[in-house]
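# Structural overview
For reference, the chains in residue letters:
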Amino acid sequence: MKEYKMRRGETLDERVPDMESYVEEMFGPITETMDYKGSDLYVVGEPSNPVFEKIVAGAVEYSGKKDKLAVEFHERDPTELGPDELEAAGDAVDAKNTFLLEATGRDAKSRRDSLKRSVEDESPDY
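Notes on the structure follow. A quick note: this is a predicted structure, and the numbers were derived from the prediction, not measured.

### What about the overall build of the protein chain?
Within the protein chain one finds four helices and five strands. Here the protein chain holds 126 residues, and the buried ones make up 34% of them. Looking at the protein chain alone, contacts between residues at least 24 apart form 50% of all its contacts between residues at least 6 apart. For the protein chain, the accessible surface area stands at approximately 8000 Å², while carbon and sulfur atoms represent 45% of it.

Here's what the structure looks like:
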C-alpha cells in the first residue's frame, strides 16, 4: 500500500470531498471496504479496466497530521492479457495518473521526488 501526501497547504477533503464517489467514477463499483491503519478504504473488486484485478483506495486519517491518500493497484500479468485488453493498458496508466493528480494535486514527477525524499529520510546514516 502506498500513501501519498497532498500539496502544501491543501487537504484531501478539499481536493476530493466525496472519496467513495470519486473512486467509483474512476475505477468502477465498490464491492467492499477494508480496514487499513484504523481507516476504511474502498475496494473495487472488479474494476472497469481489464488491466486491473483489484483496486484499494481511500483516505488514511492521522491524528494531528493531514490525511494521506492510500492506494494499492493490483494489476493482471501482462502475459495473460488478450490483444483488446492490452490496448486498455494505456487507459489504465492514464486512469492511475489522473486519479493521483486530482486527489493529491501532484504530478508523477512530484510524487516520485517526494517518495525519494521519504526513503532518504528513513535511511540510516553511516
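Don't stop here, the text continues.
### What to know about unusual backbone geometry
Positive phi is not limited to glycine here, since Lys37 has a value of about 50°. Tracing the backbone shows Lys37 in the loop between β2 (32–36) and β3 (39–44).

### Here's the deal with the sheet that holds β3
Taken together, the five strands give an open sheet; going across it, the order is β1-β5-β4-β3-β2, and neighbouring strands pair in antiparallel fashion. Taken across any chain shown, the strands that pair with only one partner, and hence form the sheet edges, are β1 (2–4) and β2. Ignoring which end each strand starts from, the neighbouring axes of this sheet average 25° apart. Bridge count for β2 against β3 is five bridges, and the pairing is antiparallel. Across the sheet, the residue bridging to Tyr36 is Ser39, located in β3. Along the sheet, helix α2 (residues 19–27) contacts β3, β4 (52–60) and β5 (68–75); its crossing angle with β3, the most-contacted strand, is approximately 20°. Relative to β5, helix α3 (residues 83–104) is tilted by about 175°, and along the sheet it contacts β1, β4 and β5.

### What about the side chain of Asn49?
Within the secondary structure, Asn49 sits in the loop between β3 and β4. Setting aside chain neighbours within four positions, we find Asn49 in contact with Ala88, Asp91 and Ala92.

### Observations concerning the pattern of salt bridges
Taken as a whole and judged by the stated rule, the model has four salt bridges. With its nearest N and O atoms 3.0 Å apart, the salt bridge here joins Glu3 to Lys37. In this pair, Glu3 sits in strand β1 while Lys37 sits in the loop between β2 and β3, placing the two residues 34 residues apart along the sequence. According to the relative accessible area criterion, Lys37 is exposed, its value standing at 51%. Here Arg7 makes a salt bridge to Glu10, at a shortest N to O gap of 2.7 Å. For Arg7, a relative accessible area of 39% puts it in the partly exposed group. A single network of salt bridges, built from pairs that share partners, joins Arg7, Glu10 and Arg15.

Parameters and conventions
Residues numbered from 1 in each chain as written. Predicted model: local features only at pLDDT ≥ 70, side-chain atom pairs only at ≥ 80, totals over all residues. Heavy atoms only, no water. Helix = DSSP H or I, 4+ residues; strand = E, 2+ residues; numbered from the N terminus. Buried < 20%, exposed > 50% of the residue type's maximum accessible area, 1.4 Å probe, protein only. Contact = heavy atoms within 4.5 Å. Areas by Shrake-Rupley, 256 points an atom, 1.4 Å probe, with all protein chains shown as cover. Pairing = 2+ DSSP bridges. Axes fitted to C-alpha atoms, helices over the stretch in contact; angles between N-to-C directions. Salt bridge = Lys/Arg side-chain N within 4 Å of Asp/Glu carboxyl O.

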